[in-house]
Structure formats: structure tokens, C-alpha cells
Amino acid sequence: YLQAVVGYKLDETLLELDSTSDEELFPVETANGTTSSMSFSLIYDRRNDRFAPTKGIFSRTFVEYAGLGGDLKYTKGGANFRYYKTLFWEVVWRNNINYGFVSSNEDGVDVPFNTRYLLGGANTLRGYDWFSIGLRKRSQIAYDNALANTGDEDEAEILALRPFGGKQQLYYNLEFQFPLIKEAGILGVVFYDIGYADNALRISDFKSDVGFGFRWFSPIGPLRFEWGFALNPDEDFGEDSDGNFMFAIGSPF
């Protein structure tokens, strides 16, 4: 049930911004270059099925150290815990909690912006758009465009805040999964998600949602159709509680 995994990664990143991108918001110099890293994972798996578990636990902790030569020097790590239990009438109680962090190995040097965390989407917070939840950063280009369109400095300041990502993430998913058409492999699900991503996590900032959907274990793999409804949307950033449809292939956890 227990395994340890050691890995080595070597890659080269070259990102370029187009004329409409904000270089202050997305500093490519923090992400471009060679990454040479070692990683270590410790995994404990006592699920009764890897693809459709109905009981058992899964836990994983990992750390990646980038700095064995190369240009980018950071440490990234985290932990994941999942718990599954059949309650009654084949209703499966599914739980997933995930924490991650990233930090720079050099004083005065920020982490690569593309290693930061943003939540939202079919695998984290299903009531919000993909990668829209987390620390926001002011974009001068967005501010100038918003000011030109609205003429309101206060509104422009709000619209200039764009998702940038935090150095930490924490989120939790709760699901109750049940058979709808068992012979066809179609399952129903109701869920609740909560979490956030920021440099310093505060529970008051956390976003949450509820929703429902169905899953089909098709010949090409599990297909997910889910509708999430934000519980504490921020209308200033275009969030609402009207419902967000998500389609994905594979199990969320």
C-alpha cells in the first residue's frame, strides 16, 4: 500500500508576450530558462479501485527542489488526502483535501509566475471559471483600457485586478455519488467545494460552491457533466451564482 517515487526533471522554458500582454503582470523573466529539479513523493493507497473507489483512503505528500544547476531555483510541495466510504444504497461519500506551496530558493527573487496557484474549474472550485480564483494583481494595461471605457477611476481600479496566483493553495471537495442508470454506468453526484490560493491563506477569503451533475463511464473513459453554483461570488470580478457548467474527462479525485 505504500510507495516512494523519486524523479528528475530537466526542461527549458521560453515564453514570449504579445503586444496586448502586460509584462508587469506576467514577468516572463521569472519563468524563462532551464529547470533542473529532483522530486520525492510518498504515496499511501488503500482504495478498493483506482478509477471508481467506493471505500478506502489515498494520501500523497511530495516535494520538488529546483536548483540542481539550471536557471530557475524554487521549492514546491504539498499534500493530498482522499477518503471514500459507501454509506447506504450504493451512495459513496467522497472527500478530497489538497494543499500546495511554492517558495523561492533565492533571496529577493520571486518564484516563476507559472508555478503559482489559481483555483476554479472542473477539478477544484466548480462554481467558478477556470483559474479565476486566487491572488489578484493590478494590470496597468487593464486599468488604462477600463478607464477609457468607463471613465470611472474607482471602477477601473477594480477591473485592473487580474488573477495572478498565490504561493499557497488549499481546497476541499465533498461529494455524494450515487447510481442513476447502473447498467449503463451512469452516476449522479452532488458536491460542495471550498478553497483559495494566496501568498498567505485566510479563511475569510475562501470561495465556496455547491452543485450537481452526472458521470458516464463510457468506452473512452469517465465523462463528467457538472453544474456548480458560487455561494459567495464577487460581482466586481464577473462572478455570479447563476451556475457554471463544466465538462471534463476523468475522475476529479
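Residues numbered from 1 in each chain as written. Predicted model: local features only at pLDDT ≥ 70, side-chain atom pairs only at ≥ 80, totals over all residues. Heavy atoms only, no water.

## Quick word on the pairing of strand β3 (residues 56-66)
Part 1 of the argument: The pairing of strand β2 (residues 33-45) with β3 spans 9 bridges and is classified as antiparallel. Across the sheet, residue Phe-40 finds its bridge partner in β3, namely Val-63.
Part 2 of the argument: Alignment of β3 against strand β4 (residues 74-86), held across 11 bridges, turns out to be antiparallel. Its bridge partner lying in β4, Ser-59 is registered against Phe-81. (Pairing = 2+ DSSP bridges. Helix = DSSP H or I, 4+ residues; strand = E, 2+ residues; numbered from the N terminus.)

## Some points on the nonpolar core
Part 1 of the argument: If you look at the biggest cluster of nonpolar residues, it comprises 15 residues, and the most contacted ones within it are Tyr-74, Val-102, Leu-119, Leu-125, Tyr-128 and Ile-133.
Part 2 of the argument: The contact partners of Leu-125, leaving out residues within four places of it in the chain, are Leu-119, Gly-120, Ile-133, Asp-193, Ile-194, Gly-195, Lys-207 and Asp-209. (Core = buried A, V, L, I, M, F, W, Y, C linked by side-chain atoms within 4.5 Å. Buried < 20%, exposed > 50% of the residue type's maximum accessible area, 1.4 Å probe, protein only. Contact = heavy atoms within 4.5 Å.)

## What about the pattern of salt bridges?
Part 1 of the argument: Applying the stated rule across the entire model yields 16 salt bridges.
Part 2 of the argument: With a shortest N-O distance of 3.6 Å, Arg-202 and Asp-198 are connected by a salt bridge.
Part 3 of the argument: Exposure remark for Asp-198: the relative accessible area of 7% places this residue in the buried category. (Salt bridge = Lys/Arg side-chain N within 4 Å of Asp/Glu carboxyl O.)

## Things to note about the packing of aromatic side chains
The way to describe two aromatic rings as a pair is by their centre distance and the angle between their planes.
Part 1 of the argument: Applying the stated rule across the entire model yields 11 aromatic pairs.
Part 2 of the argument: Linked through ring pairs, Phe-212, Trp-227, Phe-229 and Phe-245 together constitute an aromatic cluster.
Part 3 of the argument: Between Arg-46 and the ring centre of Tyr-1, over which it is positioned, the NZ or CZ distance is 4.0 Å. (Phe/Tyr/Trp six-rings, centres within 6.5 Å; stacked < 30°, edge-to-face > 60°. Lys NZ or Arg CZ within 6 Å of the ring centre and 35° of its normal.)

## Some thoughts on the sheet that holds strand β12 (residues 244-249)
Part 1 of the argument: Strand order in the open sheet formed by 10 strands is β1-β2-β3-β4-β5-β8-β9-β10-β11-β12, with antiparallel pairing between adjacent strands. Of all strands in the sheet, those with a lone pairing partner are β1 (2-13) and β12, marking the two edges. Here the average twist between neighbouring strands, direction ignored, is 20°. (Axes fitted to C-alpha atoms, helices over the stretch in contact; angles between N-to-C directions.)

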